[in-house]
Structures are given as structure tokens and as C-alpha cells.
Amino acid sequence: MFDGLKDKLSGFREDVEESAEPEEDASPDDEASPESSADASDAPADGAATEAGANEADSDETDADEPSTFQRAKAFATGRIIIEEEDLEEPLWNLEMALLESDVEMSVAEQILDSVRESMLGESRKQVETTGELVESALHDALLDVIAVGQFDFEQRIAEADKPVTIVFTGVNGVGKTTSIAKLSEWLADRGYSSVLANGDTYRAGANEQIREHADRLGRDLISHDQGGDPAAVIYDGVEYAEANDVDVVLGDTAGRLHTSDDLMAQLEKIDRVVDPDMTLFVDEAVAGQDAVNRAKEFNDAAAIDGAILTKADADSSGGAAISVAYVTGKPILFLGTGQGYDDITLFDPEDLVESLLDEE
Ligand SMILES: Nc1nc2c(ncn2[C@@H]2O[C@H](COP(=O)(O)OP(=O)(O)OP(=O)(O)O)[C@@H](O)[C@H]2O)c(=O)[nH]1
Ligand SMILES: [Mg+2]
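Note that this is a predicted model, so its numbers are computed, not measured. Going along each chain's sequence as written, the residues are numbered from 1 onward. Chains carry letters and ligands carry numbers; both start at the beginning, A for chains and 1 for ligands, and go up in the order they are written. With pLDDT at 70 or above as the cut-off, local features in this predicted model cover only qualifying residues; side-chain atom pairs require 80 or more to be listed or tallied, and sums for whole chains, interfaces and linings still use all residues. Neither water nor hydrogens contribute to the side-chain values; these are computed over all heavy atoms in the structure.

Asker: Before we go on, may I ask you to explain the packing of aromatic side chains in this structure?
Answerer: The way to describe two aromatic rings as a pair is by their centre distance and the angle between their planes. Think of it this way: a Phe, Tyr or Trp ring, Trp meaning its six-membered ring, pairs with another when their centres are within 6.5 Å, and the plane angle makes it stacked under 30 degrees, edge-to-face over 60, tilted otherwise. Evaluated as defined, the whole model comprises four aromatic pairs. The structure contains a cluster of three or more aromatic residues connected by ring pairs, namely Phe154, Trp187 and Phe335. The ring of Phe152 has Arg157 lying over it, and the distance from NZ or CZ to the ring centre is 3.7 Å. A ring is scored as having a charge over it whenever the NZ atom of a lysine or the CZ atom of an arginine sits within 6 Å of its centre and within 35 degrees of its normal. In this structure, Arg191 is placed above the aromatic ring of Trp187, and the distance from its NZ or CZ to the ring centre is 3.9 Å.

Asker: Would you explain empty space enclosed by the protein in this entry?
Answerer: One simple way to see leftover space: roll a probe sized like a water molecule over the atoms. Cavities and pockets are defined on a 1 Å grid built over the protein atoms alone: a cavity is a set of grid points where a 1.4 Å probe fits but cannot escape, while a pocket is an open set with protein on both sides within 12 Å along at least five of seven lines, and lining residues are those with an atom within 4 Å of any such point. Grid points are joined across faces, edges and corners, and a volume is the space filled by probe spheres set on the points. One pass over the structure, following the stated rule, counts one cavity of 30 Å³ or more. In terms of lining, the largest cavity is formed by Val168, Thr170, Leu268, Ile271, Asp272, Thr280, Ala303 and Ala304. Counting residues per element, the ones that place at least two in the lining of the largest cavity are β3 (165-170) and α11 (262-275). Every helix listed is a DSSP run of H or I at least four residues long, and every strand listed is a run of E at least two residues long, numbered separately from the N terminus. Among the elements that make up the lining of the largest cavity, the one with the highest residue count is α11 (three residues).

Asker: Would you mind going over the site of ligand 1 with me for this structure?
Answerer: Inspection of the region around ligand 1 gives 19 residues, with Lys177, Thr178, Thr179, Asp314 and Gln340 positioned closest. Within the contact set of ligand 1, an oxygen atom lies 3.2 Å away from a side-chain nitrogen or oxygen of Lys183. Protein burial of ligand 1: of its 660 Å² of free accessible surface, 81% is covered by the chains. Residue contributions to the shell around ligand 1 peak at four residues, all from helix α8 (residues 177-190). Taken together, the residues of the shell around ligand 1 sort by class into one nonpolar, 12 polar and six charged. Summary of the distance rule: residues count as near a molecule or strand when at least one heavy atom falls within 4 Å of that molecule or strand. Here a polar contact is taken to be a pair of N or O atoms separated by no more than 3.5 Å, where protein atoms must pair a possible hydrogen donor with a possible acceptor and residues adjacent in sequence count only if both atoms sit in side chains. The accessible surface values rely on the Shrake-Rupley method and a 1.4 Å probe; as for residues, cover is taken only from the protein chains in view. Residue type decides the class: Asp, Glu, Lys and Arg count as charged, Ala, Val, Leu, Ile, Met, Phe, Trp, Tyr, Cys and Pro as nonpolar, and the leftover types, Gly among them, as polar.

Asker: Please clarify how the sheet that holds strand β9 (residues 333-337) should be interpreted in this entry.
Answerer: In any sheet, the strands associate via hydrogen bonds between backbone groups, in a parallel or an antiparallel arrangement. Here eight strands make up an open sheet; going across it, the order is β5-β4-β6-β3-β7-β8-β9-β10 and the pairing mixed. This sheet does not close on itself; its edge strands, each paired only once, are β5 (221-223) and β10 (345-347). If you compare each strand with its neighbour and ignore which way they point, the axes differ by 25° on average. Pairing between two strands is assigned when DSSP locates at least 2 bridges connecting them. As defined by bridge partners, strand β4 (residues 195-200) adjoins β5 across three bridges and the pair is classed as parallel. The partner of Val196 across the bridge, within β5, is Asp221. The sheet strands contacting α11 are β3, β6 (249-254) and β7 (279-285), and the helix crosses β3 at an angle near 180°. The convention used is that axes are lines fitted to C-alpha atoms, helices contributing only their stretch in contact, and that angles between N-to-C directions extend from 0 to 180 degrees. By definition in these notes, contact holds between two residues if any of their heavy atoms fall within 4.5 Å.

Asker: Help me understand the packing of helix α4 (residues 85-101) against helix α5 (residues 106-121), please; the structure alone is not making it clear to me.
Answerer: Think of two packed helices as two axes; the pair is described by the angle between the axes and how far apart they sit. Close contact between α4 and α5 brings their axes to 10 Å; oriented N to C, the two are set at 155°. In terms of their interaxial angle, α4 and α5 are classed as roughly antiparallel. By crossing handedness, the relation of α4 to α5 is classed as right-handed. Contacts between α4 and α5 involve Glu85, Leu88, Leu92, Leu95, Glu96, Leu99 and Leu100 on the former and, on the latter, Met106, Ala109, Glu110, Ile112, Leu113, Val116, Arg117, Met120 and Leu121. Across the contact of α4 with α5, the residue classes tally to 12 nonpolar, no polar and four charged. Any angle that is under 35 degrees is reported as roughly parallel, and any over 145 degrees as roughly antiparallel; angles of 65 to 115 degrees are reported as roughly perpendicular and all others as oblique. Each crossing gets its handedness from the near helix: less than a right angle anticlockwise from the far helix is left-handed, clockwise is right-handed.

Asker: For this particular structure, what's the right way to read the pairing of β9?
Answerer: Within a regular strand, the side chains alternate between the two sheet faces. When accessible area is computed with a 1.4 Å probe and restricted to protein chains, residues below 20% of their type maximum are described as buried, those above 50% as exposed, and intermediate ones as partly exposed. By the criterion of burial, β9 is predominantly enclosed, with five of the five residues buried. Relative to β9, strand β8 (residues 307-311) runs parallel, the two sharing three bridges. Along β9, the bridge assignment pairs Ala308 with Ile333. By convention a crossover is right-handed if, when the strands point away from the viewer, the path from the first strand over the helix to the second runs clockwise. Running through helix α13 (residues 320-329), the crossover from β8 to the neighbouring parallel element β9 is right-handed. Across three bridges, the pairing between β9 and β10 is antiparallel. The residue bridging Gly337 from the neighbouring strand is Ile345, located in β10.

Spelled out as C-alpha cells, the structure:
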């Protein structure tokens, strides 16, 4: 999962290490040991002079903000590294390219770059024990900031909500909505919550049979109407059924649609009006990368979503959608689909994702 992106992030660390660590000839051994040399303070500042030299009036070339070669060499001798803006220029450029190639959305890539730059340079130029550690913590924080946008505790929300909790699933065709409903029903059962499936996909031939198969296999009840019926009415019936039978959660499926198909989007509005669901979850496939990010934004604009499920993460190496969706929509990714089995669903944990992306192994 997300291996391509992982490799690219570790490329950034190597880039910075390469450009930040002093060249051989800048090591203190090659300088005339300036720290202890009495002569050094008398020597005219030549742009790479001693600390004393740098304080003298003739210090035009030793910009107070710029660490001198001596400072860098001294830092190096004590096992520390000074990161300069110019050290980051090329690595940051490469990082930006890597993120964009991995389908990270442009504004998200820029945000990551800005915060990496800021935390690596700080208010003053930073001295760090190792460049690798600095890169790691800068990337960690930058990624977490964008990935964790809007996160809330899904299980806690289910636990605290009045029952039944109604959740409607939307998205384009074939991304895994119905499969995710079946998986989520199982996920909820594992945590002690009962659920009923309601098939609001009255559009596609065979949709009833498909979800019926899942319901039978899982031993769940299914509410469905004939093909061509009103999706809002089916989900409404699902809610009534849940109320009458003390079922905790109603999982309402819908037909795949494009945000541009007006009549189908109008159906979603009707579901909103008639059922007033507690949550609308947008489902898309991680492998769709940038397309998934754009669709999440479009769906959220057309009919506000509360969160997203990214399916087929098991087949995605880019990771761009997983990184971008929350930042772009302001709504969190709540689950990752990681395979075709009922257990192949994982609660999305931004911290876990960041750690696995930065994991060296
Ligand atoms: N590898 C993998 N396959 C998945 C995952 N989730 C769903 N699938 C597969 O994706 C295909 C489509 O899944 P569906 O659940 O039918 O998708 P849908 O969004 O309901 O499709 P429509 O109802 O036609 O719009 C099926 O073959 C699923 O097994 C996942 O997390 N990983
Ligand atoms: Mg379906």
C-alpha cells in the first residue's frame, strides 16, 4: 500500500542529506583550526571568517542570517548540521515533483512544501543532530497536518448518536459502495452494533440481487424496492424498520452517479430531505488518484459529505488520494478498503498512515 509514495519520500531525505552535509573541504581539519587560533581574530573577514571577524564593521559579506563556512564546519565538528535555504531548494523541488507524480493535489503539495520548509528552517537556521531526523520530523508534521483535516472518532460518533444512525453512501459507479456497506455492517457487528441494509440503488439492473447476496451471507436484513423505485422511499423504509426493530444503524446504498448527472444528484437531495441522514459518506477508489480527489470535491460541493471511504487502497501505490482528500474537502477519510473480503476495511488513522509512509523498511 502506497509503496511508490513511500520510496519518493525517502528520496527527499537522501536529497537533503546530500546537499546539507558539508563538503569534505569545509571540515574544520582543513581550516586553520580557527577556534583556537589567536591569529584568526586578527585576520580580515573574507566572508568565511571567525566569529570575532563576523562582528567587525567590515562584515558586508557575512550576512548575519547566513551561517558562515566556519559556523557550518564547527557545527559539523560537534556532530550538528546547519540547514540553509539553499540546501533545501533542490530537494524541495524534487519533493514537489514526487508528490505531484504521486497524484497529490497541487494545493496539498504546496501546503506540505511550505510547512516542511518552515519547520526545517525555523525562525533561525536550525542546528540539528542529524539531517535525517530533521527531515523525518518535518515531513511527519507536514503530512499529518494535511491528512488529519476534519478527523473525528467514527466509533464514538456512532456510540453517542441517537439510534438508529442513518448513513448514506454515494459516489461514482463501481468504486466499491455496496462492498463497503457490507464490510461496514460487519465492522459494526464486531463492535456490538446491529445494522440493516437499505438498497437505494433502484437504478442499476441486478443491484438488488447483488446486495441481497451480501445480506444473506452476513445474515443481515435488507430493505429493497423494485428497480425504478424511489431511493428516498427505500432508505426511509430502512429507517422505519430500524426504529421498529431496535436496529442501531441503517446503511443506505445508492446508485453510482456522476456529480454532473442532474436527475441523480436531485435524488440525493431528496434522500437528504426525506431521510435526513446522520452521515453521508463519499466512497471512491484510492487507485483513481487525482480523479478521486476531484470527485470528492465535486460531490462535497453538490451535496455536502461528512467523510470519505477510500477503497482499493490495497492496489494503490501512489497514495495521492489518501493524502489529499481531507485537505481538499475539509472532510475526513474515515475508512480504507484494503481488499475484497468482508474484513478488509480499516479505520483510517492519519498518524498510522504517516508513520507507515515514513517507515524506513
Ligand atoms: N481490491 C479491492 N477491491 C474492492 C475493494 N472494495 C471493492 N472492491 C471491488 O470493486 C468492485 C466493485 O464494487 P461494488 O461494491 O460493486 O461497487 P459499487 O460502487 O457499489 O458499484 P455500482 O453499484 O455499480 O456503482 C467489486 O469487484 C469489489 O469486490 C477494495 O477495498 N479492494
Ligand atoms: Mg453498488
